[in-house]
Amino acid sequence: LSEMDVRVSKLEDCSEEVKTMAQKQIYHDIIAAALTEPAFEGVWLWGFSDRHTWVKNFYYNDAPLIFDEKYRKKPAYLSIRDAISTLTPGGTIGGGVLL
């Protein structure tokens, strides 16, 4: 996966809590699905902190990354960690990379 971010600010009629939960679930589900694919070798995010996201300057105000503007872990970070932790230690991911 390349250049991943998850934008949720344009979800209509949703509280910030619901948007945060949606972002968390999307990150989790995409990573969990990718981990099941034999050809999967990694994920690259389009940045790491909302402080320096390109989205604000190019599209609209959003917070699409896994660390907030103060470099604190967001729920999205934890969901990626949770998706990765479902793998069996000593197992492999796509491309035969040993865990």
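Residues numbered from 1 in each chain as written. Predicted model: local features only at pLDDT ≥ 70, side-chain atom pairs only at ≥ 80, totals over all residues. Heavy atoms only, no water.

Details of the overall build of the protein chain
Under the convention used in this document: Secondary structure is summarised from DSSP: a helix means a run of H or I of at least four residues, a strand means a run of E of at least two, and numbering begins at the N terminus for each. Note on classification: 1.4 Å probe, protein chains only; a residue is buried when its accessible area is under 20% of the maximum for its type, exposed when over 50%, partly exposed between these limits. Any two residues having at least one pair of non-hydrogen atoms within 4.5 Å are treated as being in contact. Only the protein chains shown count as cover for residues, with accessible areas throughout obtained via the Shrake-Rupley method and a probe of 1.4 Å.
Counting its regular elements, the protein chain contains three helices and two strands. In the protein chain, the succession of helices and strands from N to C terminus is α-α-α-β-β. Evaluated residue by residue, the protein chain yields a buried proportion of 30% over its 99 residues. For the protein chain, the share of sequence-separated contacts (at least 6 apart) that also reach a separation of at least 24 residues comes to 51%. With the model as given, the accessible surface of the protein chain reaches about 6600 Å², and the carbon-plus-sulfur share is 57%.

Re a nonpolar patch on the surface
Put simply, the rule reads: Patch definition: residues with relative accessible area over 30% and no salt bridge; like charges joined within 9 Å; nonpolar side chains (Val, Leu, Ile, Met, Phe, Trp, Tyr) joined within 5 Å. We count a salt bridge whenever a side-chain nitrogen from Lys or Arg sits within 4 Å of a carboxyl oxygen from Asp or Glu.
On the surface, Leu-1, Ile-26, Ile-30 and Val-43 cluster together into a nonpolar patch covering about 280 Å² of accessible area. Structurally, the position occupied by Leu-1 is in the segment before helix 1 (16–35). Leu-1 gets classed as partly exposed once you look at its relative accessible area, which sits at 41%.

Concerning the pattern of salt bridges
With the rule as written, the count across this model stands at six salt bridges. The closest approach of N and O atoms between Lys-19 and Glu-16, which form a salt bridge, is 3.8 Å. Placement of the pair is Lys-19 and Glu-16 together in helix 1, with a separation of three residues, close to one helical turn. Asp-50 is the partner of Lys-74 in a salt bridge, and the nearest nitrogen-oxygen pair spans 2.7 Å. Here the residue Lys-74 occupies a position in the loop between helix 2 (55–58) and helix 3 (75–85), and Asp-50 occupies one in the loop between helix 1 and helix 2, the gap between them amounting to 24 residues. Asp-50 sits in the buried class, given a relative accessible area of 3%.

Thoughts on unusual backbone geometry
Unlike most non-glycine residues, Glu-3 shows phi in positive territory, near 60°. Tracing the chain through its elements places Glu-3 in the segment before helix 1. Residue classification places Glu-3 among the partly exposed positions, given a relative accessible area of 48%. Positive phi, close to 55°, is recorded for Asp-13, a residue that is not glycine. Tracing the backbone shows Asp-13 in the segment before helix 1.

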